[in-house]
Amino acid sequence: MNATVSKRHTWILLWICLILLNVIIRYPITPHEIGSDSFLMHFIADSISKFGYAKWWYHPLSIIGLYPYSTSSALPFYLSGVSQSISMDMERTIWIVLSCFGIFSSFTAYLMAGAIRDDEIFKFLTALVYSTSAGILTFTTWNASSRGLFVVMLPLFIYFLIRSRFSLKYGLLAGALFFLLMAIHNLFYLVIPIIVIFCFILIISHLIYKLKSREMDITIRKNFKTGFIVSMLLMIFIVLLIQSFIKYSFEEQISIILSYARYSGVLIVFAIGGFISLLFKSKKKFEEWFLLLVIISLIPFLPIEMYAKFFMLPLIALLISSGIMNSIAIRQKRKTALSIVIILLFLSVSFSTFYQFGRTNISDQYIKSEFWAEESTVNAAIWTKLYTNEGIFSDKLSLTRRILAYSGMAMLSETEVIHSIQGNLDEYEFNNMSIRSPFSTSFYFEGPFYLSSSQSSKIWFWYKLRNENYNSKWGEIIIQRFNLNYYIGYEEEVSTIFSRSIIHQKDKLFDNGRISIWWLEGRF
């Protein structure tokens, strides 16, 4: 009894340490938000709080972002709800919510691992590796990206899906969560192969169960399993891997591999051993067949690293934990093996921490940053909110999103959904929509509807104005169309035709040494 209580206390202590680690490693060292999508999400969520509804909902497909001028809606609604519930501004709400997502990721990974193998060490290792991986940290540390919420919820979906074998309620939960994933991010397309593989294995296992009820030669069946099936899977794996990467140059292939290592962590080397042991294991359980076939089915998507490297994180975490468990099992001196594993886990967390804090250079909070909003930008946004009431233009994508987030002012933007929120759309946009062919990949990945003319898309005007003189024909048309009276740019960056055309001819209204605001009134 005492041993059981002591063991329970040990696990409780380990979980407390893991939660504290997740909190500490996500403590912000930047003065404001991080990322690019975060500022866009900040603005969208604030618009829901301001107007009381999603202004980009023109069609049912708008909910999942598959209709022009829309975006996936789950995260903005969640952020808006929390912000209103706790009466806190959106920036601090994002920090609190994302920190909670980071902690929650350890529990979703724990449940997922338990569905694969009922072993406490395996489950805890998966929770630790997953929640502290650089990929999860990137989108759960003051960076409100829909990808972050998606990868946090994905392990929970896998758990519900596997458990649905034994209970209808888990199947219903898996179905409900799939619809939620659809509203979170378009990465839900990669969930479809997982569902197909699950159904396939379920049917095969049912057929095998029927065959086992008959008299069969056990030796033939055993040789068939260990020989033919493993050989076929290995051949499929190799063919798919070669086919996926052969069109890329050697340098591009190395870049893709390093990208996965960067976001999975140094322990990714154990994933190789975990996969090999899983492939050649003689008696695989249903869950192990499921994991193996899902990994093989997702190989063609690996080169799409922008999204696949995050989607693959739960599966990589499972393979890493499996590889570590195998390394401990084959060692004769268990204490030595355990010490090595502890050191490796420490290195893994240190690796993630380096990228977590090292990429955000805050030696001078007033310099330009590619990762977070500097004070000069926030000050310019506040000034804009207080003293301007007309349209604004900035030819820098990151600056446009940051000014939008902190000011909420009307701006010409490169993002379609912003024009929906700001009411810049008219009947012309919707009259110029066409329907894609159901036989094209764009129909499923970009939505059935699209704007038939590039000039009917508002983002076209943003890119066009950057390359036009302010008093040119197109400059005049666009400025009048969107009622633009102010230009915001970085003081030392005059890199576009538009910015060069105004700096010596228009009045400067604001200058904090980093950001300048120019008045375009009386421009013609």
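Cut-offs used in this document
- Residues numbered from 1 in each chain as written.
- Predicted model: local features only at pLDDT ≥ 70, side-chain atom pairs only at ≥ 80, totals over all residues.
- Heavy atoms only, no water.
- Salt bridge = Lys/Arg side-chain N within 4 Å of Asp/Glu carboxyl O.
- Buried < 20%, exposed > 50% of the residue type's maximum accessible area, 1.4 Å probe, protein only.
- Pairing = 2+ DSSP bridges.
- Helix = DSSP H or I, 4+ residues; strand = E, 2+ residues; numbered from the N terminus.
- Axes fitted to C-alpha atoms, helices over the stretch in contact; angles between N-to-C directions.
- Polar contact = N/O pair within 3.5 Å; in protein donor to acceptor, adjacent residues only side chain to side chain.
- Phe/Tyr/Trp six-rings, centres within 6.5 Å; stacked < 30°, edge-to-face > 60°.
- Lys NZ or Arg CZ within 6 Å of the ring centre and 35° of its normal.
- Patch = residues over 30% accessible without salt bridge, like charges linked within 9 Å, V, L, I, M, F, W, Y side chains within 5 Å.
- Areas by Shrake-Rupley, 256 points an atom, 1.4 Å probe, with all protein chains shown as cover.
- pLDDT = per-residue confidence, 0-100.
- Contact = heavy atoms within 4.5 Å.

Summed over all chains, the structure comprises 12 salt bridges. For arginine 92, the salt bridge goes to aspartate 89, with nearest N and O atoms at 2.6 Å. Given a relative accessible area of 34%, aspartate 89 falls into the partly exposed group. The salt bridge involving lysine 508 is made with aspartate 511; its shortest N-O contact spans 3.2 Å. Here lysine 508 falls in the partly exposed class, since its relative accessible area comes to 35%. Note on aspartate 511: relative accessible area 39%, which makes it partly exposed. Residues joined in a network through salt bridges with shared partners are Asp37, Arg147, Arg401 and Glu414.

Moving on, we come to the sheet that holds strand 1 (residues 391-393). Within the open sheet, the four strands sit side by side as 1-4-6-5. Their pairing is mixed. Strands with a single pairing partner mark the edges of an open sheet, and in this sheet they are strand 1 and strand 5 (507-511). Direction aside, neighbouring strands of the sheet carry axes that sit 30 degrees apart on average. Across three bridges, the pairing between strand 1 and strand 4 (residues 484-490) is parallel. From the neighbouring strand, isoleucine 392 faces strand 4, where its bridge partner is tyrosine 486.

Here we come to the side chain of arginine 436. If you trace the backbone, arginine 436 turns up in the loop between strand 2 (433-435) and helix 21 (441-445). Note on arginine 436: relative accessible area 16%, which makes it buried. Looking at arginine 436, its side chain comes within polar contact range of the main-chain oxygen of phenylalanine 449, at 3.2 Å.

What follows concerns the packing of aromatic side chains. Per the counting criterion, the structure on display carries 30 aromatic pairs. Residues tryptophan 15 and tyrosine 110 carry aromatic rings whose centres are separated by 5.2 Å and whose planes lie at 80 degrees to one another, so their mutual orientation is edge-to-face. Pair noted here: tryptophan 15 is in helix 1 (residues 2-25) and tyrosine 110 is in helix 4 (residues 90-116), with a separation of 95 residues, a long-range link. By relative accessible area, which is 14% here, tryptophan 15 ends up buried. Measuring from ring centre to ring centre gives 6.0 Å for tyrosine 159 and tyrosine 170, while their planes differ by 85 degrees; the resulting arrangement is edge-to-face. Of the two residues, tyrosine 159 sits in helix 7 (residues 146-163) while tyrosine 170 sits in helix 8 (residues 168-184), which places them 11 residues apart along the sequence. Three or more aromatic residues link up through ring pairs in this structure, and these residues are Trp11, Trp15, Phe107, Tyr110 and Phe124. Here the basic side chain of lysine 55 rests over the ring of phenylalanine 51, its NZ or CZ set 4.3 Å away from the ring centre. For the cation-ring pair, lysine 284 lies above tryptophan 289, with the distance from its terminal atom to the ring centre recorded as 4.7 Å.

A cluster of nonpolar side chains, contributed by Ile12, Ile16, Leu20 and Ile24, occupies part of the molecular surface with about 390 Å² of accessible area. In this structure, isoleucine 12 sits in helix 1. Taking the relative accessible area as the measure of exposure, isoleucine 12 reaches 45% and is therefore partly exposed.

This part is about the confidence of the model for the protein. Mean pLDDT over the protein: 84, with 87% of residues reaching 70 or higher. Confidence, read as mean pLDDT per element, is least for helix 10 (residues 218-245) in the protein (63) and greatest for helix 3 (residues 74-86) (96). Under a pLDDT of 50 for its full length, residues 215-224 has, in the predicted model, five contacts with residues more than four places off or in other chains. Scored below 50 in pLDDT, residues 363-367 shows 10 contacts in the model against residues more than four places distant or in partner chains.

Right, let's talk about the environment of phenylalanine 245 for a bit. Residue placement: phenylalanine 245 occurs in helix 10. With relative accessibility at 14%, the residue phenylalanine 245 sits in the buried group. Taking the C-alpha atoms as reference points, phenylalanine 245 and leucine 302, 57 residues apart in sequence, are found 8.6 Å from one another. Setting aside chain neighbours within four positions, we find phenylalanine 245 in contact with Gln253, Ile256 and Leu302.

A few words on the pairing of strand 6 (residues 515-519). For strand 6, the tally of buried residues reaches four of five residues, placing the bulk of the element in the interior. The pairing of strand 4 with strand 6 spans five bridges and is antiparallel. Paired with tyrosine 487 across the strands is tryptophan 518, a residue of strand 6. Of the strand pairs in this sheet, strand 5 and strand 6 are connected by four bridges, and their pairing is antiparallel. Bridging across to strand 6, phenylalanine 510 finds its partner in isoleucine 517. Where strand 5 folds back on strand 6, the antiparallel hairpin that results is connected by three residues, among which glycine 513 adopts a positive phi of roughly 90 degrees.

This part covers the environment of serine 376. Within the element layout of this structure, serine 376 appears in helix 17 (residues 375-387). A relative accessible area of 2% places serine 376 in the buried class. Measuring from C-alpha to C-alpha, the distance between serine 376 and arginine 514 comes to 6.1 Å, with 138 residues separating the pair along the chain.

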